[in-house]
Structures are given as structure tokens and as C-alpha cells.
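Structure assessment
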Amino acid sequence: MNRRTVLVASLLAGAAALPTTLRAEDAVKIGLILPMTGPFASTGRQVEAAARLFMAQNGDTVAGRKIELILKDDGGVADQTKRIAQELIVNDKVSVLAGFGLTPLAFAAAPLATQAKVPMVVVAAATSVITERSPYIARTSFTLPQATVPLAEWAAKNGIESVVTVVSDYGPGVDAETAFTTRFTAAGGKVLETIRVPVANPDFAPFLQRVRDLKPSAVFVFVPSGIGSAFMKQFKERGLAEAGIKLIGTGDVTDDDILDAMGDVALGTITTHHYSAAHDSPENKAFVEAFEAANKGMRPNFMGVGGYDGMRLIYEALKATGGDPDGDKLIEAMKQAKWTSPRGPVAIDPRTRDIVQNIYFREVERVDGQLYNVEFDAVEAVKDPVKEAH
Ligand code: DHB
């Protein structure tokens, strides 16, 4: 090549790079992809409300850069998530993707985050393996094994001799079933049967009849956020409590968004999870009050807190880079993040990019006339146990 060809080539390369280079006066865009419609719309509603609350409380400027939130509805359909993520990256030139209400939706976007080097903050989906699908993923929700292992060990020590597991038949359900059976059995308990039910609109009646016939000490359940009411209704109608069968599970089944409407059947349910609206701390009191005030009394659930902390993580990372939205710099900054969440102290594990957090033991009780998950014990600073093993 002669000098002129080299010069032209470098000019062209520079010109091609221009549209994707952010100038200091440009807003940093965050593409928030959520199921705002369809069977998992409650997840979208919770996360959107929490993200907007965070911005209202903390302003829309970080390190001198204006923040612009672009919300898109994927309806809970993975092909839509993928198409929307692509458009947000290519057309809107977002610096960060966030949201991801269900595991298959996070899987669909992960390769795009890698390809475009755009950080992807998973605020809801909770299958362990998600963060391994891209080095640009960080997570502010939880993992099912993280929430399940403490419960399996507690059950074995608290008079529960035999269990039947009932889980939604996809990633997080399989994670919960595996974690529960492995740890409960290792601690001396017996798992009589493992039952998997369809993810959307499941009819629990035949499965719960089967549980009743097997007469375990307890049924362990995982269903995704929003589905718990349907499960509780069938648990009541099949008379499992009368048959002396206890209900235990991860806190997804006693989701704060719908718990109070479940009625007395939910009383006494023992769950483990990372967030309860009844968590007793000044940070949580302030969060719950502000969230309810901004959303016509809607109670925040664990999806809401995942969205709130997702925004916090993005703000902290931008502060750390001095407002530089470079994807590699942002994800590096996210790996160092540590803060006090409404759920308690949290940190991002730099090795796995998963959240390290307390897992609380809770029992459903009536407090001032309303049903809450009342915390009675905790295991501190829990990491995802699946990734601890390798
Ligand atoms: C997932 C979705 C949920 O609503 C939930 O409570 C836990 C996990 C998921 O799809 O990963």
C-alpha cells in the first residue's frame, strides 16, 4: 500500500467508528427490556417502577453524563428479547442492557452482549448458569441454588424427614430441584418424588393430589414470580395442610406482590429468599414507603429490589469510570461494586459477576392485618453455591 491508500483507509476507519463513539455531551443510554405484557407482566411492572423510583431519587445525571432509560416490552418471548436487544445496540447505541425477566430471555440476549461488548445487567432471571453465558453479564437478582441450599439444610434439621419437590419445568426449577434434593439427601432427608410442572398457566391440581397420596412431611416448591397464588389456591383445595403436609420453598411462591391476596392458606409457609418487604432496616423502610407512595400502594417484591439495585449498579459503575461508558471499563467497575441494598449488604462477586447477599429464613405471618414474609434468621454473604463448586 502507498501512503495515500493508508491515509484513506485510516480516515475511513475513523469515520466508520464515529457514530458509535459517544461525545461527552451525549446521554448514556440504558436499554431496559422487560415483560410488560403476558403472563409475567408483574415482573416488568415491578422492575420498571423500581428503576424509575431509583432515578427519581438519585437524579438523571451521573459523573456529568445525562442518563436516558429506554424501556422495551418483550412480552416474555425470547425471540422478541433478541430482536429488541439488537435494535437497542445497533440503532439506539445503548451503553448498557438491563432487565431480563425470565431465564430464556437472558439466554437470548447474552451472545449479543458479548459481540457488542455491552454490559448486560440481569435484574430478574435466576438460573445459575446465566452469568457464564457472557463475560459482560452482571446480576442483581439471585440464583435458585443460592436461595435453596440454606432451606434444604434447615429442613433436615427441623423435623422434616421426607419431601416431594414440585418445580416449574425450566432452568430455575431444575436448579432448585437439584440443589434441594442434593443437600437435603446429604443431610439425611428423603426425597420421595421430584415433580416438574409446565411454566405458564400450570394446573397444579393433579400434581398436588399426587403429593397428598405420597404423604411427605413437606412439599418443596419453586414457581416463578406471579404464579404463587395459583399454587396456593390448589394447595388449599386439595387439603394438603389438613393432611399434615407442610409447605416450604424459595420465596418466589410467597412473592410480596401477591402474598396478601392469598389469604390464610399462606400462613406458616417457610421460605428462604434474599428479599422481604418486611425486612427490618432503615434502608428498606425508606424503600418500601417511597415505592408504595409512587405506585398507588403497590408493595415492592424481590423483582422490584432487583431492578432498584440494577440501576444502582449501573450508576456506581459510571461513577467509577468517571462517566466513561466503555463496556469493558463498565463491567470491570461492576465487579468491584458493593453497597447497602434495601435487602441488606450486597456485593458483586468479581469472579462470577453474581450477587453476594444474605439469604433469610422467613415465615408468613399476619402483621397489622396484612400477610408478610417475616424474617427469623439469616445466612450471611451467600455466594452462588454451584459456582463455588468449580
Ligand atoms: C425466574 C423467573 C422468576 O419469576 C423467578 O421468580 C425466578 C426465576 C427465571 O426465569 O429465571
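In this report, the structure presented in the accompanying data block is examined. (Residues numbered from 1 in each chain as written. Predicted model: local features only at pLDDT ≥ 70, side-chain atom pairs only at ≥ 80, totals over all residues. Heavy atoms only, no water.)

Sheet architecture is open: 6 strands sit in the order β2-β3-β1-β4-β5-β6, paired in mixed fashion. The open sheet has two edge strands with one neighbour each: β2 (61-62) and β6 (137-139). Examined bridge by bridge, strand β4 (residues 96-99) and strand β5 (residues 120-122) share 3 bridges and lie parallel to one another. Within the sheet, the bridge partner assigned to L97 lies in β5 and is M120. Contacts from helix α2 (residues 41-58) reach β1 (28-34) and β3 (65-73) within the one sheet, and its direction differs from that of β3 by about 170 degrees. (Pairing = 2+ DSSP bridges. Helix = DSSP H or I, 4+ residues; strand = E, 2+ residues; numbered from the N terminus. Contact = heavy atoms within 4.5 Å. Axes fitted to C-alpha atoms, helices over the stretch in contact; angles between N-to-C directions.)

A separate point is the environment of V174. Position of V174 relative to the elements: it lies in helix α6 (residues 171-186). Its relative accessible area of 27% is what places V174 among the partly exposed residues. Each C-alpha atom of the pair V174 and T127 lies 8.7 Å from the other, and the pair is 47 residues apart in sequence. Ignoring any residue separated from it by four or fewer positions in sequence, one finds V174 in contact with V167, S168 and R196. (Buried < 20%, exposed > 50% of the residue type's maximum accessible area, 1.4 Å probe, protein only.)

Let's shift gears to unusual backbone geometry. Outside of glycine, negative phi angles account for most residues, and trans bonds account for most peptide bonds. In this structure, K117 takes a positive phi of about 55 degrees despite not being glycine. Turning to its location among the elements, K117 is positioned in the loop between α4 (103-116) and β5. A relative accessible area of 45% places K117 in the partly exposed class. One non-glycine residue, R353, adopts positive backbone phi at about 65 degrees. Summarising the element assignment, R353 is placed in the loop between β13 (344-348) and β14 (355-367).

What follows is about the side chain of T254. Structurally, T254 can be placed in the loop between β10 (246-250) and β11 (270-273). In this structure the side chain of T254 is engaged in a polar contact, spanning 2.8 Å, whose partner is the side chain of N373. Here T254 is in contact with M232, L259, M262, T269, T271, R362, V364 and N373, once residues within four sequence places are set aside. (Polar contact = N/O pair within 3.5 Å; in protein donor to acceptor, adjacent residues only side chain to side chain.)

Moving on: the site of the ligand. Every one of the 14 residues lining the ligand counts as a neighbour, but T103, A126, Y170, S225 and D252 are closest to it. One of the backbone N or O atoms of S225 is found 2.9 Å from an oxygen atom in the ligand. Here an oxygen atom of the ligand sits 2.5 Å away from a polar atom, N or O, in the side chain of D252. Partitioned by chemical class, the residues of the shell around the ligand number 9 nonpolar, 4 polar and 1 charged. (Near = heavy atom within 4 Å. Nonpolar A, V, L, I, M, F, W, Y, C, P; charged D, E, K, R; others polar.)

A separate point is the packing of helix α10 (residues 302-320) against helix α11 (residues 327-335). If you want to describe how two helices pack, look at the angle between their axes and the distance between the axes. Look at α10 against α11: their axes get within 8 Å of each other, and the N-to-C directions meet at 115 degrees. With respect to each other, α10 and α11 are oriented roughly perpendicular. Considering how the two elements wind past one another, α10 and α11 form a crossing that is right-handed. Contact residues: L313, I314, A317, L318 and A320 in α10; L330, A333 and M334 in α11. Grouping the amino acids of the contact of α10 with α11 by side-chain chemistry returns 8 nonpolar, no polar and no charged. (Parallel < 35°, antiparallel > 145°, perpendicular 65-115°, else oblique. Left-handed = near helix turned anticlockwise from the far one by under 90°.)

Turning our attention to helix α8 (residues 228-237). Listed in full, the buried residues belonging to α8 are G228, F231, M232, Q234 and F235. The buried residues of α8 occupy one face: seen down the axis, they fall within an arc of 165 degrees. At the exit of α8 stands G239, carrying a positive phi of roughly 65 degrees. (Arc of directions from axis to C-beta.)

So, about the packing of aromatic side chains. Evaluation of the coordinates by the stated rule reveals 12 aromatic pairs. Relative to Y315, the ring of F54 has its centre 4.9 Å away and its plane inclined at 90 degrees; by these criteria the two rings are edge-to-face. You can see F54 sitting in helix α2 and its partner Y315 sitting in helix α10, a full 261 residues away along the chain. There is no split in this pair, since F54 and Y315 are both buried. For the pair F180 and F220, a centre-to-centre distance of 4.5 Å together with 20 degrees between the ring planes defines the contact as stacked. Of the two residues, F180 sits in helix α6 while F220 sits in strand β9 (residues 218-222), which places them 40 residues apart along the sequence. On the accessibility criterion, F220 (0% relative accessible area) is buried. One aromatic cluster in this structure is built from F54, Y275, F287, F291, Y308 and Y315. One cation-aromatic arrangement involves R133 over F107; the distance from NZ or CZ to the ring centre is 3.8 Å. Sitting over the ring of Y372, R299 keeps its end group 3.6 Å from the ring centre. (Phe/Tyr/Trp six-rings, centres within 6.5 Å; stacked < 30°, edge-to-face > 60°. Lys NZ or Arg CZ within 6 Å of the ring centre and 35° of its normal.)

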